[in-house]
Structure formats: structure tokens, C-alpha cells
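Architecture at a glance
Read off the chains here:
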Amino acid sequence: RSCVERILSKLPRRAYRRPVTQRDVASLVHFVDLAQQEGQTAEQGLQLALEAMLVSPNFLFRVERDASPRDAGAVHPVTDFELASRLSYFLWSSMPDDALFTAAKGGTLKGDVLKKEVDRMLADGKASRFIDDFSRQWLQLHRVGMFPPDKKLYPTYDAWLVTISILVAVIA
């Protein structure tokens, strides 16, 4: 049982991108208990718990919990874990790494530490995802050249013109 609890207290932290509560762990351990009551092994119960984790809204979405959601006049700051997730998915299109989790856990993801983390993340090869995804989604550059004009009306339209159009769109 302690091994199951240890496993199910580490995985959700990464999957949910935040600290895991005892309630989170207990709900996952419950799946192992259910499986064992049905005569299945602990490993099969862990598989069931993992499946539950992977269909959880906490895994599928970046959940941000607001302490006072009904108070429209209040400031609603994000936690360091929420900031780490926002930053990581924006720059890397992926979950936060251990360094970002460590900064979030320590509550130091502010000021100079935040700047250093952004610089570190931009220097990482994963930042190329940001460049590719941002230009594709925002500028819709992947659509340039998809529907070429009629050759009779525009006989000089060719692949070179498409390339130049993309470069102008990126620079502008």
C-alpha cells in the first residue's frame, strides 16, 4: 500500500503541473482499491489509476483555481505553479521542467528569477516550438500558397513569390 501511495503521489504532480493534495492521492489510491476488490493485481489497479489521471480535467486542461472567483473587483493573482505552466506552454508548448517546478515550489518565480528562467527557456532548443507555433497560429503562415491564384490571371506567381510573401509577413 505504501508503495502504491508513493507512486501515486509523484506522478500526479507532473501530470497536474501543481502540488498534489492528499485528496488527489486518495482518489487515485481508491482506483487501486477498487481493482483489488475485483480480484485484480496492484499493477492493474495502478493502470486504472493512471487511466483516471490521464482523463482528469487536471491533466487535460491547465486548471487555475481562484480563491475568490465571484469577487469581480478583487485582484486574482496566479500562483507560481500556474505561472510556470503558462510560461512553459507558451515558450515550449510543453509542461514545465524540473528547474521551473523547483522555482515554483520555492515561491521564487518572480523578478530576477523569472527573468533568468525566461532567458534559460529561450536558450533551450524547445523554444523553436514557440517560433514555429506562434507564427503558424497567429499569422497563419502555413496557409500561404495553399490556394494559388489562377495562372492565367497571375502568370508570374510562383514558389519564389510565396517565399518572399512569408518573409515579408514575418518581418512586418
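Above this text is the structure in question.
First, a word on scope: everything that follows refers to the structure included in this document. Just so it is clear, the structure is predicted and the values come from calculations on it, not from any experiment.

**Re the packing of helix α2 (residues 22-37) against helix α3 (residues 42-55)**
- Contact geometry for α2 and α3: axes closest at 8 Å, N-to-C directions at 140°. The angle between α2 and α3 falls in the class oblique. Both α2 and α3 take part in a crossing whose hand is right-handed. Note on element contacts: α3 touches α2 through Ala42, Gln44, Gly45, Leu46, Leu48, Ala49, Ala52 and Met53, opposite Leu28, Phe31, Val32, Ala35 and Gln36.

**Quick word on the packing of aromatic side chains**
- Tallying each qualifying case throughout the model produces 2 aromatic pairs.
- Arranged with centres 6.2 Å apart and planes meeting at 45°, the rings of phenylalanine 81 and phenylalanine 101 form a pair that is tilted. Placement of phenylalanine 81 in helix α5 (residues 80-91) and of phenylalanine 101 in helix α6 (residues 98-105) is noted, with a sequence separation of 20 residues between them.
- Its relative accessible area of 14% is what places phenylalanine 81 among the buried residues.

**A look at α2**
- Taking 1.5 Å of rise per residue, the 16 residues of α2 would be expected to cover 22 Å, and the 22 Å separating its terminal C-alpha atoms lies within 8% of that figure.
- Taken together, the buried positions of α2 are occupied by Asp24, Val25, Leu28, Val29, Val32 and Ala35. Around the axis of α2, the buried residues are gathered within 120° of arc, so they sit on the same side. When the buried face of α2 is taken as reference, the exposed residues oriented beyond 90 degrees from it are Gln22, Arg23 and Gln37.
- Its buried side turned inward, α2 meets α1 (2-16) and α3.
- Backbone geometry just downstream of α2 places glycine 39 in the positive-phi region, at approximately 85°.

Quick notes on the rules
- Residues numbered from 1 in each chain as written.
- Predicted model: local features only at pLDDT ≥ 70, side-chain atom pairs only at ≥ 80, totals over all residues.
- Heavy atoms only, no water.
- Axes fitted to C-alpha atoms, helices over the stretch in contact; angles between N-to-C directions.
- Helix = DSSP H or I, 4+ residues; strand = E, 2+ residues; numbered from the N terminus.
- Parallel < 35°, antiparallel > 145°, perpendicular 65-115°, else oblique.
- Left-handed = near helix turned anticlockwise from the far one by under 90°.
- Contact = heavy atoms within 4.5 Å.
- Phe/Tyr/Trp six-rings, centres within 6.5 Å; stacked < 30°, edge-to-face > 60°.
- Buried < 20%, exposed > 50% of the residue type's maximum accessible area, 1.4 Å probe, protein only.
- Expected span 1.5 Å × (residues − 1).
- Arc of directions from axis to C-beta.

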